[in-house]
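Each chain, letter by letter, is given below.
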Amino acid sequence: GSGRTSSVVGWEAVREPRASSTPSTNHKGVCLVADHNFDLVILGAGSGGYAAALRASQLGMSVGLIEKDKVGGTCLHVGCIPTKALLHAAEVADSARHSEMFGVKASLEGIDLPAVNAYRDGIVTSKHKGLQGLIKARGITTIEGEGKLISPTTVQVGEDTVTGKNVVLATGSYPRTLPGLDIGGRVITSEQALQLDYVPKSVIVLGGGVIGVEFASVWRSFGTEVTIVEGLPHLVPAEDESVSKQFERAYRKRGINFSLGVRFQSVTQNDSGVVVTLEDGQTFEAELLLVAVGRGPRTEGMGFEEVGVEMDRGWVLTDERLRTNVPGVFAVGDIVPGVQLAHRGFQHGIFVAEELAGLNPQVINDEYIPKVTYSEPEVASVGLSEAKAVERFGEDGIAVYDYNLAGNGKSHILETAGSIKVIRQVDGPILGVHMIGARVGELIGEAQVAVNWDAYPEDVAPLLHAHPTQNEALGEAFLAIAGKPLHAL
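Residues numbered from 1 in each chain as written. Predicted model: local features only at pLDDT ≥ 70, side-chain atom pairs only at ≥ 80, totals over all residues. Heavy atoms only, no water.

### Overview of the overall build of the protein
Okay, so step 1: Summing up its helical and strand segments, the protein has 13 helices and 25 strands in all.
Okay, so step 2: Taken against the 2.2 N^0.38 rule, which gives 23 Å for 489 residues, the C-alpha radius of gyration of the protein at 24 Å falls within 12% of a compact globule.
Okay, so step 3: Reported as C-alpha extents along the three principal axes, the dimensions of the protein are approximately 65 × 60 × 45 Å.
Okay, so step 4: Counting all 489 residues of the protein, 52% fall into the buried class.
Okay, so step 5: The contacts of the protein with a sequence gap of at least 6 include a subset with a gap of at least 24, amounting to 63%.
Okay, so step 6: Surface summary for the protein: the accessible area is close to 22400 Å², and the carbon and sulfur share equals 51%.
Okay, so step 7: Distance between charge centres in the protein, computed from 41 positive and 59 negative side chains, equals 3 Å. (Helix = DSSP H or I, 4+ residues; strand = E, 2+ residues; numbered from the N terminus. Rg over C-alpha atoms; globule rule 2.2 N^0.38 Å. Buried < 20%, exposed > 50% of the residue type's maximum accessible area, 1.4 Å probe, protein only. Contact = heavy atoms within 4.5 Å. Areas by Shrake-Rupley, 256 points an atom, 1.4 Å probe, with all protein chains shown as cover. Lys, Arg positive; Asp, Glu negative; His and termini not counted. Charge placed at Lys NZ, Arg CZ, Asp CG, Glu CD.)

Listed below in structure tokens is the structure:
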């Protein structure tokens, strides 16, 4: 195999970890006392940090978890969870809008955004309380405040010093902008977009990646006129090109406008809106400009460079085992160059805890981490794109099968269009799976198992899929690329 397969690691019984000092805590379990020592100190309690803390405590280590804001980080509070709540509200709006095609007489009276926000905030609050309870139950000491690395084993938090045998840097990311493009007024980031208490009449979205197309999807479902500006040749440019093209057709059909292949030049704003100018002189006008050009590493002023941690334009450089060049200091999540995904952060955090416990966990390459874009339609993928597979194995070294969802009964019931594309090495394993269509994100589990375990299509084709499900479409694609299609020619 390729070394990507993962052995099952036993999850040891939980032992109550203890810090070498016994700091008092307030009613929230937040540490109040200066000068304490732990087996592991973690700077940042987002996806990577809290996963490292939970797994390390499970493996018997004492853990100090430092967080200046709220445990859960970007993903829980201003990222994955709140945006997916908005996307579900958008799906409900579309269901009402198109109900007659299913024989149901319903009408969409409008969007009460404060009520949508209350629904979203209720979910975030519930998940936040659950996470706080889990951290407390595991005996993890949470230290509230802004941390700064002052030695390879020490983090300064206000007047306190927190010492660990090992340190994990997990400080996360922030919404990026472009040089000369100032955030403020009608120029907003995703974090400000989540705070809006009204549905804008029109928005320009700068950036056609995951964040940009998800917000575009929400706003369009809520009735907003949306224009996406993407300097690269395609929307969702990190996906397989065939998926990007289908995605563009779907967005065109939804009435979402987009400009591709021409870069942003400038924006002006006044009391009523913004005017965006591109490098070719084209202009677009709207009420708001959402800047969604990616996320940068949140590392400035945190002492990493002063302690000697090797950096590159704010990113923390590590080896494949997430070790920095400073012994005992690890980095996880969005500050490590690569795909910025909450579940990559989880995996990093678990990996470091198991590495420190001597369990020698398997490295999972970024290419083999599943990705989902939760727009309408959804996009989900894992493994190599067709272009990458050709680059690696040559055109004659791969085989590709693209199964159209038109042949899938459940997809027809849901009135969704799209496809599932499977790429294999000739006489070899499945290299990549790329999907587009409503709800295909829920199919990524089986796809990532097939790719990460180097499964041959012939091995997985006999596996049964419940009927009628969209999951059958993945089964049909595996059957076809194994040379024995059932419902496809």
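Now, onward.
### Describing the pattern of salt bridges
Okay, so step 1: Taken as a whole and judged by the stated rule, the model has 19 salt bridges.
Okay, so step 2: Salt-bridge contacts for Lys245 lead to Glu241; the nearest nitrogen and oxygen are separated by 3.6 Å. Placement of both Lys245 and Glu241 in helix α7 (residues 241-253) is noted, with a separation of four residues, approximately one turn of the helix.
Okay, so step 3: Looking at Lys245, the relative accessible area reads 41%, which means it is partly exposed.
Okay, so step 4: One network of salt bridges, with partners in common, ties together Asp94, Arg97 and Arg254. (Salt bridge = Lys/Arg side-chain N within 4 Å of Asp/Glu carboxyl O.)

### Examining the packing of aromatic side chains
Okay, so step 1: Summed over the entire model, instances satisfying the criterion amount to three aromatic pairs.
Okay, so step 2: When the ring of Phe215 is compared with that of Trp219, the centres are 5.5 Å apart and the planes differ by 45°; the resulting orientation is tilted. Taken together, the residues Phe215 and Trp219, both in helix α6 (residues 210-221) and four residues apart, mark about one turn of the helix. Of the two residues, Phe215 and Trp219, neither departs from the other in class, the shared state being buried.
Okay, so step 3: The ring of Tyr251 has Arg254 lying over it, and the distance from NZ or CZ to the ring centre is 5.8 Å. (Phe/Tyr/Trp six-rings, centres within 6.5 Å; stacked < 30°, edge-to-face > 60°. Lys NZ or Arg CZ within 6 Å of the ring centre and 35° of its normal.)

### Here's the deal with the confidence of the model for the protein
Okay, so step 1: Averaged over all residues, the pLDDT of the protein is 93; the fraction at 70 or higher stands at 93%.
Okay, so step 2: Scored below 50 in pLDDT, residues 1-24 makes 54 contacts in the model with residues more than four places away or belonging to other chains. (pLDDT = per-residue confidence, 0-100.)

### Details of the side chain of Ser385
Okay, so step 1: Within the fold, Ser385 resides in the loop between β22 (378-383) and α9 (386-393).
Okay, so step 2: Looking at Ser385, the relative accessible area reads 16%, which means it is buried.
Okay, so step 3: With sequence-adjacent residues up to four places away left out, Ser385 is seen in contact with Asp240, Ile423 and His434.

### Comments concerning unusual backbone geometry
Okay, so step 1: For the peptide bond that leads from Glu376 to Pro377, omega is 5°, which places it in the cis range.
Okay, so step 2: Following the sequence through the fold, Pro377 ends up in the loop between β21 (371-373) and β22.
Okay, so step 3: In this model, His467 is joined to Pro468 through a cis peptide bond whose omega is -5°.
Okay, so step 4: Counting through the fold element by element, Pro468 comes out in the loop between α12 (457-460) and α13 (471-481).

### A few points about the sheet that holds strand β12 (residues 257-260)
Strand pairs in the sheet, formed through backbone hydrogen bonds, run parallel or antiparallel to each other.
Okay, so step 1: Pairing within the open sheet is parallel, and its five strands lie in the order β9-β16-β10-β11-β12. For this open sheet the edge positions go to β9 (187-188) and β12, each flanked by a neighbour on one side alone.
Okay, so step 2: In terms of strand pairing, strand β11 (residues 225-230) meets β12 through four bridges, oriented parallel. Residue pairing in the sheet places Glu230 in a bridge with Leu260 of β12. (Pairing = 2+ DSSP bridges.)

### Quick word on the environment of Phe393
Okay, so step 1: Among the secondary structure elements, Phe393 is positioned in helix α9.
Okay, so step 2: Measuring from C-alpha to C-alpha, the distance between Phe393 and Val426 comes to 9.2 Å, with 33 residues separating the pair along the chain.
Okay, so step 3: If we skip the residues at most four places from it in the chain, Phe393 touches Leu384, Ile398, Gln425 and Leu431.

### Considerations on the pairing of β11
Okay, so step 1: In terms of burial, β11 is largely enclosed, as five of its six residues are buried.
Okay, so step 2: Looking at chain direction, strand β10 (residues 202-206) and β11 are connected through five bridges and run parallel. The partner of Val203 across the bridge, within β11, is Val226.
Okay, so step 3: Crossover β10 to β11 through α6 is right-handed.
Okay, so step 4: Remark: the β11/α7/β12 crossover connection has right-handed handedness. (Right-handed = clockwise from strand over helix to strand, strands pointing away.)

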